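Structure at a glance
Below are the chains, spelled out letter by letter.
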Amino acid sequence: MAENFAFGPFQLLAARRELLAHGVPVTLGQRAFEILLMLVNRHGQLVTKDELMAEVWPGVVVEENNIQVHVSALRKVLSTAGDGDRYLLTVAGRGYRFVAPVQRESGAGLTAPPASAPDRTAAVSAGAATNNLPQQLTTLIGREADLADIMARLAAHRLVTLTGSGGVGKTRLAIEAGRNVLDRYPDGVWLAELAPLNDPQLVTSIVGDVLGVSLNAPSGAIETLASALKDKQLLLILDNCEHVIAEAARVAETLMRSCPRLSILASSRERLAIAGESIVRVPSLPAPDASGTLTAARAGEYAAVRLFVERASALGGFALNDANAATVGSICQRLDGIPLAIELAVPRLRVLSLEQLARCLDERFRLLTAGSRTALPRQQTLHALIDWSYALLSDAEKILLARLSVFFGTAALASITAVVASAEIPAEQVSDLLLSLVEKSLVHADAASSEFRYGLLESTRYYASEKLADASRMRRRHAEHFAARLAQATAEWEMTPTRQWMACYASDIDNLRGALEWAFGADGDVTVGLELVARSHVLWAELGLILEHRRWVVEALDKVAKGTPSEVTARLLSWQAGDVRELDDPADYDEAVRAASLYRKVGDGFQEGRVLLRAGTARLLPDSVDEGERLLRKAHALVRPFGTTKTLARCLSALASARLFAGDLAEARSLHRQAVDVYRDLGEGPDDRGDS
């Protein structure tokens, strides 16, 4: 007889292939369930990746990443639906161990779920007359962990609000969550759709109508509604609150205070901001990064791709394979993994090839116009969807959103303020306005780096760029700002630990790319472009983007004119002095020597020494080692007066190599120790030095 397992608030029913949390079934994919069952069955023991692949994918060759994807989903389900205990331990490079205490029990001995948590199928059937939830005609894809999170939040909080950008699927998740918790609410789960409302004062009327409560007098409507629901144990879903947010919040708060057994699940592009609210931010579906090597197996691990494939397959004649996986992945990534955008894009495959669809995404607002005929007008086109949110903004918020379109990827608050601040948006107001746009799910905040960074989804950026009235001026300010920021970054690099420096500046690479495209484009300014290239060597080098770096240097050098300042030309020529780690990058001795001459002319001794270091390193060859050491000693004499810098450490290290080649082992060791001491003083570990 199959065993069942209990751990924390969970029960794992092997025979029924079901996981319960607090007596409530949790949605898990088949592969994830099999992995969990194997780990729990061998709790406390190491289960290797090979063992998992052999058990879960018998006879099939799969990539290791498949396991990681399913384990990641399991972690999220266990953490959000559990009690905060630790369940899974990763043993680096080997496998996984289930570390929570586990109780075994036979299927016959399994106690029935408590009366408050009956079988889900029976609950749905019995509760058919106590809900108005619409039947869904398509499957929900890639939201298992999000659904488990919402259900767990509803078990712990009486007010849960789903927030997120338009089209991300908040309504669908709310309905699915409501259907999954029908058994918890004897008086039903009721959906009040607020999207069609033009008058906020009608919120109470809509709720009353849905719940069958007669509200005769508008002046006392909320009190009448609260009185009627005082003893009811039900879940009220308030869907699409953003355009009536103040009134929706007032109604929700009144009902929460007056009706102790009533719970509310709201969906909105911003939170209700009332006491007791638990926020669930609904993200876009994961989509792969653009890659020409993406396989069908790897692409299928991403929920956005799975949604695209299911909807495309329904049209007939479409199948994901290794040949088209990269194109599908690119489409999903450029659509930001937004379910509605994917739903709008797929029908175009009736008249476009997959490659044509990908190329047409630059005109996405014209392309994505074939929505469901039964959907609200704002959900029938991508443009209308964002227009809905834009119309709810203040004038200052509209200006800021439009100006944010000049940024690429994400940017720090300081950069945003420097570029967008003006008479219309004073610098001291930028932070509050930006926070408001984050709250309204039009801007996303990323806390992954050393400071918060802010950005727009690509579709929002396209839309916002259409609203940018002073585009030329703002793009110039953007490019000039990042030229100055990269000048500061290059100066700081010399005395800042590399990890710390990368955390601050690595994410600026997309803004650098965008600024360069503008500067060297038809409406740009070559002078600004030369500054951008001249100031960005270290960033390109630290990121290892050699070919891309070289492309911009070649283009910039081709545009150097007689009037170009010597210092700018010197910086362009000194690109080889960047800390390029790859051994196959050419060390152009002639350009380094020419750059040194120009730096000598403008009186910049440190930079002269820096490029002479590169020239000397290039000459550390059997037939030119003496010349190389001569250049290195000259470089050392020039950079030493500037104190403890990475260039000084590199110079000492290169001199150690020169002495080693000359057979002077004692001096080589002494110079190497000095280099290590400088690195240590700079807070650099052995893996951070980037010696070339």
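Residues numbered from 1 in each chain as written. Predicted model: local features only at pLDDT ≥ 70, side-chain atom pairs only at ≥ 80, totals over all residues. Heavy atoms only, no water.

1. Section: the sheet that holds strand 14 (residues 410–412)
If you walk across this open sheet you meet the three strands as 14-16-15, and the pairing is antiparallel. One side of each edge strand has no neighbouring strand; the edge strands of this open sheet are strand 14 and strand 15 (444–446). Neighbour-to-neighbour, the strand axes of this sheet turn through a mean angle of 35 degrees, independent of strand direction. Sheet topology places strand 15 next to strand 16 (residues 453–455); three bridges connect them, and they run antiparallel. Across the sheet, residue His444 finds its bridge partner in strand 16, namely Gly455. (Pairing = 2+ DSSP bridges. Helix = DSSP H or I, 4+ residues; strand = E, 2+ residues; numbered from the N terminus. Axes fitted to C-alpha atoms, helices over the stretch in contact; angles between N-to-C directions.)

2. Regarding the sheet that holds strand 9 (residues 159–163)
Here we have five strands laid out as an open sheet, ordered 10-11-12-9-13, and parallel in their pairing. Because the sheet does not close on itself, it has two edges, and the strands there are strand 10 (189–193) and strand 13 (277–281). Shown here is a sheet whose adjacent strand axes are inclined to one another by a mean of 20 degrees, direction ignored. Alignment of strand 11 (residues 235–239) against strand 12 (residues 263–268), held across four bridges, turns out to be parallel. When the bridges of strand 12 are listed, Leu238 appears paired with Ala266.

3. With respect to the packing of helix 17 (residues 395–404) against helix 19 (residues 427–439)
Remark: helix 17 packs on helix 19, axes separated minimally by 10 Å, with the N-to-C direction vectors making an angle of 85 degrees. The orientation of helix 17 relative to helix 19 falls into the category roughly perpendicular. Judged by residue contacts, Ala396, Glu397, Leu400, Leu401 and Leu404 of helix 17 engage Val430, Leu433, Leu434, Ser436 and Leu437 from helix 19. Split by residue class, the contact of helix 17 with helix 19 holds eight nonpolar, one polar and one charged. (Parallel < 35°, antiparallel > 145°, perpendicular 65-115°, else oblique. Contact = heavy atoms within 4.5 Å. Nonpolar A, V, L, I, M, F, W, Y, C, P; charged D, E, K, R; others polar.)

4. Notes on the environment of Asp590
With respect to the secondary-structure elements, Asp590 resides in helix 28 (residues 589–602). Along the sequence, Asp590 and Ala615 sit 25 residues apart, while their C-alpha atoms lie 8.0 Å from each other.

5. Overview of the side chain of Ser415
As for its position among the elements, Ser415 is in helix 18 (residues 413–420). The exposure class of Ser415 is buried, given its relative accessible area of 1%. In contact with Ser415, other than residues within four places in its own chain, are Phe407, His481, Phe482 and Arg485. (Buried < 20%, exposed > 50% of the residue type's maximum accessible area, 1.4 Å probe, protein only.)

6. Quick notes on the pattern of salt bridges
The final tally for this structure, using the stated rule, is 34 salt bridges. When the shortest N-O distance is used, the salt bridge between Arg680 and Asp677 registers 2.9 Å. Pair noted here: Arg680 and Asp677 are both in helix 32 (residues 665–681), with a separation of three residues, about one helical turn. We classify Arg680 as exposed; its relative accessible area is 53%. The structure contains a network of salt bridges with shared partners spanning Arg403, Glu424, Asp470 and Arg473. (Salt bridge = Lys/Arg side-chain N within 4 Å of Asp/Glu carboxyl O.)

7. With respect to the nonpolar core
Core analysis: the largest hydrophobic core is formed by 58 residues, its most contacted members being Leu404, Phe407, Ile416 and Leu532. The leading source of residues in this core is helix 21 (residues 471–493), at eight residues. When sequence neighbours within four positions are dropped, the list of residues in contact with Phe407 reads Ser415, Ile416, Val419, Val420, Arg461, His478, Phe482 and Asn511. (Core = buried A, V, L, I, M, F, W, Y, C linked by side-chain atoms within 4.5 Å.)

8. Overview of helix 32
The end-to-end C-alpha distance of helix 32 is 24 Å, a good match for the 24 Å that 17 residues give at a rise of 1.5 Å each. For helix 32, the full list of buried residues reads Ala668, Leu671, Ala675, Val676, Val678 and Tyr679. Along the axis of helix 32, the buried residues cluster in a sector spanning 160 degrees; they form a single face. In helix 32, those exposed residues whose orientation departs by more than 90 degrees from the buried face are Ala666, Arg669, Arg673, Arg680 and Asp681. Buried residues along helix 32 sit in contact with helix 31 (646–661). Once helix 32 ends, the next one or two residues include Gly683, with phi positive near 80 degrees. (Expected span 1.5 Å × (residues − 1). Arc of directions from axis to C-beta.)

9. Details of the confidence of the model for the protein
With 85% of its residues at a pLDDT of 70 or more, the protein has an overall mean of 82. Note that pLDDT drops below 50 for residues 108–129; the model gives that stretch 18 contacts with residues more than four away or on any other chain. In this model residues 579–587 is a low-confidence stretch, pLDDT under 50, and it forms 26 contacts with partners more than four residues away in sequence or in other chains. (pLDDT = per-residue confidence, 0-100.)

10. Looking at the packing of helix 8 (residues 221–229) against helix 9 (residues 245–258)
In the contact formed by helix 8 and helix 9, the axes pass within 9 Å of each other and the chain directions differ by 40 degrees. With respect to each other, helix 8 and helix 9 are oriented oblique. The interaxial crossing formed by helix 8 with helix 9 has right-handed handedness. Contact residues: helix 8 offers Ile222, Leu225, Ala226 and Leu229, while helix 9 offers Arg250, Val251, Thr254, Leu255 and Ser258. (Left-handed = near helix turned anticlockwise from the far one by under 90°.)

11. Overview of a nonpolar patch on the surface
A cluster of nonpolar side chains, Leu660, Phe661 and Leu665, forms an exposed patch at the surface whose accessible area comes to about 300 Å². The partly exposed category is assigned to Leu665, whose relative accessible area is 41%. (Patch = residues over 30% accessible without salt bridge, like charges linked within 9 Å, V, L, I, M, F, W, Y side chains within 5 Å. Areas by Shrake-Rupley, 256 points an atom, 1.4 Å probe, with all protein chains shown as cover.)

12. A closer look at the packing of aromatic side chains
Taken as a whole, this structure holds twelve aromatic pairs when the rule is applied. Note on Phe606 and Phe642: the rings are 5.2 Å apart at their centroids and 70 degrees apart in plane angle, and the pair reads as edge-to-face. Highlighted residues: Phe606 in helix 29 (residues 605–618) and Phe642 in the loop between helix 30 (625–639) and helix 31, separated in sequence by 36 residues. Phe606 gets classed as buried once you look at its relative accessible area, which sits at 9%. Taken together through their ring pairs, the aromatic side chains of Phe7, Phe10, Tyr87 and Phe98 make up a single cluster. Across the ring face of Trp552, the terminal group of Arg551 is positioned such that the distance to the ring centre comes to 3.8 Å. (Phe/Tyr/Trp six-rings, centres within 6.5 Å; stacked < 30°, edge-to-face > 60°. Lys NZ or Arg CZ within 6 Å of the ring centre and 35° of its normal.)

13. Looking at the environment of Ile237
Counting through the fold element by element, Ile237 comes out in strand 11. Taking the C-alpha atoms as reference points, Ile237 and Ser263, separated by 26 residues in sequence, lie 8.7 Å from one another. Those residues in contact with Ile237 that sit more than four places away from it in its chain are Leu133, Ala174, Gly178, Val189, Trp190, Leu191, Ala192 and Leu265.

14. Quick word on the side chain of His549
Residue placement: His549 occurs in helix 26 (residues 546–558). On the accessibility criterion, His549 (3% relative accessible area) is buried.

15. Structural notes on the environment of Asp239
Relative to the helices and strands, Asp239 is located in strand 11. The class for Asp239 is buried, based on a relative accessible area of 2%. A C-alpha to C-alpha distance of 8.5 Å links Asp239 and Lys170, two positions 69 residues apart in sequence. A distance of 2.8 Å separates a polar atom in the side chain of Asp239 from a polar atom in the side chain of Thr171. Of the polar contacts made by the side chain of Asp239, one reaches the side chain of Ser267; its length is 2.4 Å. (Polar contact = N/O pair within 3.5 Å; in protein donor to acceptor, adjacent residues only side chain to side chain.)

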